[in-house]
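# Observations on the model geometry
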Protein chains: 2
Amino acid sequence: MRETVNLRRLSEVLGLSQTTVSRALNGFPEVNERTRARVVEAARRLNYRPSASAASLATGKACAIGHVVPLAEHMMINPHFSDFLAGAGEVYAQFGYEMLLRVVAQAEEADVYRDFASRSRVDGVVVHGPLTNDPRIPLLKSLGLPFVVHGRCDDGAGDYSWLDVNNRRAFCRATGFLADLGHRRIALINGLEAMNFASRRRQGYESVLVERGLDQDPSLIFSEDMVEPYGYRVARQMFSSPRPPTAILVSSVLPAMGVVRALAEFGIRPGADVSIIAFDDCLSFLQMASEGKARDVPFLTAMRSSIREAGRRVAEMLLEQIAAPDGGRRHELWEAELVIGETTAPRPVEQTPLPAAAKS
Amino acid sequence: MRETVNLRRLSEVLGLSQTTVSRALNGFPEVNERTRARVVEAARRLNYRPSASAASLATGKACAIGHVVPLAEHMMINPHFSDFLAGAGEVYAQFGYEMLLRVVAQAEEADVYRDFASRSRVDGVVVHGPLTNDPRIPLLKSLGLPFVVHGRCDDGAGDYSWLDVNNRRAFCRATGFLADLGHRRIALINGLEAMNFASRRRQGYESVLVERGLDQDPSLIFSEDMVEPYGYRVARQMFSSPRPPTAILVSSVLPAMGVVRALAEFGIRPGADVSIIAFDDCLSFLQMASEGKARDVPFLTAMRSSIREAGRRVAEMLLEQIAAPDGGRRHELWEAELVIGETTAPRPVEQTPLPAAAKS
DNA sequence: AAATATTCCCAAAGCGCTTTGAGGAGGAGA
DNA sequence: TCTCCTCCTCAAAGCGCTTTGGGAATATTT
């Protein structure tokens, strides 16, 4: 109910012009420090704050960053996504930027960008879940809308800013580690391979299979949305088959939980009977990978990289780019940690009690 | 890079006044249909869309709804929250509203509302996770900012709009159901009881304990943030104690997953040895409660109510309220379904093999 | 034919801010 | 005393839209 006081009213109260008041509040040097103090104090007292839309209109800056939340089919703002947003949001809030979310069907994403651009709704956007050769990149370029990609679209990506995890390397290392432990049948429960990051993960995994001469069995490779029941289902499937794997790589903790649940039903012990390594994005609400039985020994062995931290950094990069549009493009490739937990162990000498052909 | 075309330019191209063009596009009746068609076509061709800030400034409407994401300590935009947002976001997008998120420390939430109001950033806000006698309600009223509460702050809540699940009733029914199955030691793994919904859940649970004369043991009641490791930890704790419960109520699927993980380690079978009922918000990325071994039989027995659907409805209510500020306040109390899955069964005749005192 | 409605369109006045281009006051130097 | 700076302040012009209050055609009624 409180009257909303505007610049004119404030300047009247102070007996100053709007110009002076505006300059005083915006820290311009040509205003007397005593005047400025008076102005600031009055503004505080009257609870004056400049209208967002008036300021945007005058400056041409929206002071807002757009994020498009893909509403795939009957789906899902997934937790990876929201943790990223949490990180980015912290940075925006800190720098006085607004974060604005659009939840739309995937097909409408391009329209949203066009809308953002032509209505000057935002000063920049973050591109999530890039596909290989993602059409969004040329679109955004043609719209002249600053953007940073979380992930990459291709290898020669020099002409746009991105931040990515070295997914290929992470999966190389994890696969190699399992091979070192004697595992030869290693399953991959991957994300959707249309996503660039998922195809890199697969490349990492397969390169090691080839290099070390491990089993290459298509029935051990899966590619779907990374949700819990997915892990559950494919784990049940594999361990109902004649030749189950002795180790599993999982693209996210979510399906990893499903895997653990399935194994429990079969009486198979993670770590002891089957090794599991998951990619852990440090999702804040399930630190499965960081809390184990014994203090400081995580349950899951994991490739770890905080997606929230990535959100923070991407936001910073974007804000920098908006401040200095000609400052060149930035690229950051983060290495994931490989953290040993309780779910990895040398391959059991005796096979799991299933009708599997003994081999080597 | 494309030139951003504004109203003036569009009207010049058309040889019409800005007024006419504006009216044509905004569907005013006093404009000739043929003229309107010409205008619309030209607008489409030139990719004209009204500047958001200019429109807001002129109309006084921000066409945006604010959500504050509490950044509790080292925490978390939790999945319950983000699923709610997904639902709300769908509705906003549909009605041309922007969803704008502020990620800030809990202590700053009031400042954010003040900022929203005095800068006319938003036309309304959604209040999340209301406490009993939440200070945000009087604040928002005094700011004159329309709002809808997801949940309730007290029982005599007539003077603000809210949508809530009948948490008390849901937990009454679940507890009663377990009692019917013969369980007498029932644990409650609850959310933070500062939250109004959690205290209602506890009330429901306790009222049935009293009514049916079941064990009232404080060591079976827990109240924390609803994350996975929480469930894991307290389940381990209970089943390491001399007198574990034979049934468990869990406030969310997240800690329920932790419980299942802990039980697996103890070799205790959910359903067979211990009954579990969780509150299932239908989180879209883990439909544990809806996908079981046999098709159509869910794994978890659950009280179920879609938080995403709640998000949709709350958004609708808020938009209605903004459109008709004097239309009175709305209240909706939803009943949760009680859906039987595989994790509930009659109390085992023989006690779990732990040194427990036998008792009728 | 004149008077009244109706239809379609327009010029101009905001909305609340930032920013440009000056201008008045006061002190320093000639 | 007059001029020239520096310091501080201001009036006014946008930013791009909506909306008010007509006004010029055209159509309808008397």
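### Quick notes on the pairing of strand 1 (residues 64-70) of chain B
Residues and elements named next belong to chain B. Counting buried positions over the seven residues of strand 1 gives six, a clear majority of the element. Bridge count for strand 1 against strand 3 (residues 124-127) is three bridges, and the pairing is parallel. Looking at the pairing, Gly-66 lines up with Val-125 of strand 3.

### Things to note about the environment of Leu-7 of chain B
All names here are of chain B. Here Leu-7 is to be found in helix 1 (residues 7-14). Spatially, the C-alpha atoms of Leu-7 and Ala-43 are 9.2 Å apart, while their sequence positions differ by 36 residues. Discounting residues that sit within four places of it in the chain, Leu-7 has contacts with Gln-18, Val-21, Ser-22 and Tyr-48.

### Looking at the sheet that holds strand 7 (residues 221-223) of chain A
Residue and element names in this part refer to chain A. The mixed open sheet is built from six strands, whose spatial order is 7-6-8-9-10-12. Each edge of the sheet is formed by a strand with only one pairing partner; in this case those strands are strand 7 and strand 12 (337-339). Between one strand and the next, the sheet's axes are offset by a mean angle of 15 degrees, whatever the strand orientation. Where strand 6 (residues 186-190) and strand 7 come together, three bridges link them in parallel fashion. Opposite Asn-190, over in strand 7, you have Ser-223 as the bridge partner.

### Here we look at the pattern of salt bridges
Here the structure, examined in full by the defined rule, presents 64 salt bridges over all chains. Between Arg-114 of chain A and Asp-111 of chain A there is a salt bridge, with its nearest N and O atoms 3.9 Å apart. Taken together, the residues span about one helical turn, with Arg-114 of chain A and Asp-111 of chain A both in helix 6 (residues 109-118) at a distance of three residues. The partly exposed category is assigned to Arg-114 of chain A, whose relative accessible area is 25%. Note that Arg-23 of chain B and Glu-30 of chain B form a salt bridge whose closest N and O atoms lie 3.5 Å from each other.

### Here's the deal with the relation of the copies chain B and chain A
The two copies are related by a screw operation: chain B maps onto chain A through 180 degrees of rotation and 0.1 Å of translation along the axis, at an RMSD of 0.1 Å. When the rotation and shift are considered jointly, the pair of chain copies conforms to a two-fold rotation axis. A symmetric contact is evident, with 100% of the interface residues of chain B recurring at the interface of chain A.

### What to know about the interface of chain B and chain A
The partner chain A presents 65 residues to the 65 residues of chain B that form the contact. Summed over both partners, the interface of chain B with chain A comes to about 5800 Å²; 57% of that surface belongs to carbon and sulfur atoms. The largest contributions to the chain B side of the interface with chain A come from Arg-49, Glu-98 and Phe-285 of chain B, which together make up 12% of the buried area. Here chain B and chain A share six salt bridges between them.

### Re the protein's contact with DNA strand C
Looking at DNA strand C, there are 28 residues lining it, with Leu-7, Ser-22 and Arg-23 of chain A together with Ser-17 and Thr-19 of chain B nearest. Within 4 Å of the protein, the contacting atoms of DNA strand C are 59% sugar and phosphate, with bases supplying the remainder. Separating a phosphate oxygen of DNA strand C from a side-chain N or O atom of Ser-22 of chain A is a distance of 2.7 Å. Examining the composition of the surface near DNA strand C, we find that four residues originate from one element, helix 2 (residues 18-25) of chain A, more than from any other.

### Points about the state of the cysteines
Under the criterion given, the structure shown has zero disulfides over all chains. Looking at the unpaired Cys-63 of chain A, the closest cysteine sulfur is the one in Cys-63 of chain B, lying at 19 Å.

### Observations regarding the nonpolar core
Judged by nonpolar contacts, the single largest core of 123 residues is most densely connected at Tyr-92 and Leu-249 of chain A together with Tyr-92 of chain B. Ignoring sequence-local partners within four residues, the contact set of Tyr-92 of chain B consists of Ile-65, His-67, Tyr-97, Met-99, Val-126, Ala-315, Leu-318 and Leu-319 of chain B.

### Structural notes on the sheet that holds strand 3 of chain B
Two strands in a sheet stick together by hydrogen bonds in their backbones, pointing the same way (parallel) or opposite ways (antiparallel). Read across the open sheet, the 12 strands follow the order 11(A)-5(A)-4(A)-3(A)-1(A)-2(A)-2(B)-1(B)-3(B)-4(B)-5(B)-11(B); overall the sheet is mixed. Each edge of the open sheet carries a strand with a single partner, namely strand 11 (331-334) of chain A together with strand 11 (331-334) of chain B. Averaged over neighbouring strand pairs, the angle between their axes works out to 20 degrees when direction is ignored. Two strands pair when backbone bridges link them, and strand 2 (residues 98-104) of chain A and strand 2 (residues 98-104) of chain B are joined in this way by three bridges, in the antiparallel orientation. Across the sheet, Leu-101 of chain A pairs through a bridge with Met-99 of chain B, a residue of strand 2 of chain B. Sheet strands touched by helix 12 (residues 307-323) of chain B: strand 1, strand 3, strand 4 (147-150), strand 5 (161-165) and strand 11 of chain B. Its angle to strand 4 of chain B, the strand with the most contacts, is close to 160 degrees.

### Some words on unusual backbone geometry
Glycine aside, a negative phi is what most residues show, and trans is what most peptide bonds show. Residues and elements named next belong to chain A. A positive phi angle, close to 50 degrees, is found at Ser-120, a residue other than glycine. Examined against the element boundaries, Ser-120 turns out to sit in the loop between helix 6 and strand 3 (124-127). Located in the positive-phi region is Asn-133, a residue other than glycine, with phi close to 55 degrees. Examined against the element boundaries, Asn-133 turns out to sit in the loop between strand 3 and helix 7 (136-143).

Cut-offs applied
- Residues numbered from 1 in each chain as written.
- Chains lettered and ligands numbered in written order.
- Predicted model: local features only at pLDDT ≥ 70, side-chain atom pairs only at ≥ 80, totals over all residues.
- Heavy atoms only, no water.
- Buried < 20%, exposed > 50% of the residue type's maximum accessible area, 1.4 Å probe, protein only.
- Helix = DSSP H or I, 4+ residues; strand = E, 2+ residues; numbered from the N terminus.
- Pairing = 2+ DSSP bridges.
- Contact = heavy atoms within 4.5 Å.
- Axes fitted to C-alpha atoms, helices over the stretch in contact; angles between N-to-C directions.
- Salt bridge = Lys/Arg side-chain N within 4 Å of Asp/Glu carboxyl O.
- Least-squares fit on C-alpha atoms with pLDDT ≥ 70 in both.
- Buried area = accessible area lost by both parts, 1.4 Å probe.
- Near = heavy atom within 4 Å.
- Polar contact = N/O pair within 3.5 Å; in protein donor to acceptor, adjacent residues only side chain to side chain.
- Disulfide = S-S within 2.5 Å.
- Core = buried A, V, L, I, M, F, W, Y, C linked by side-chain atoms within 4.5 Å.

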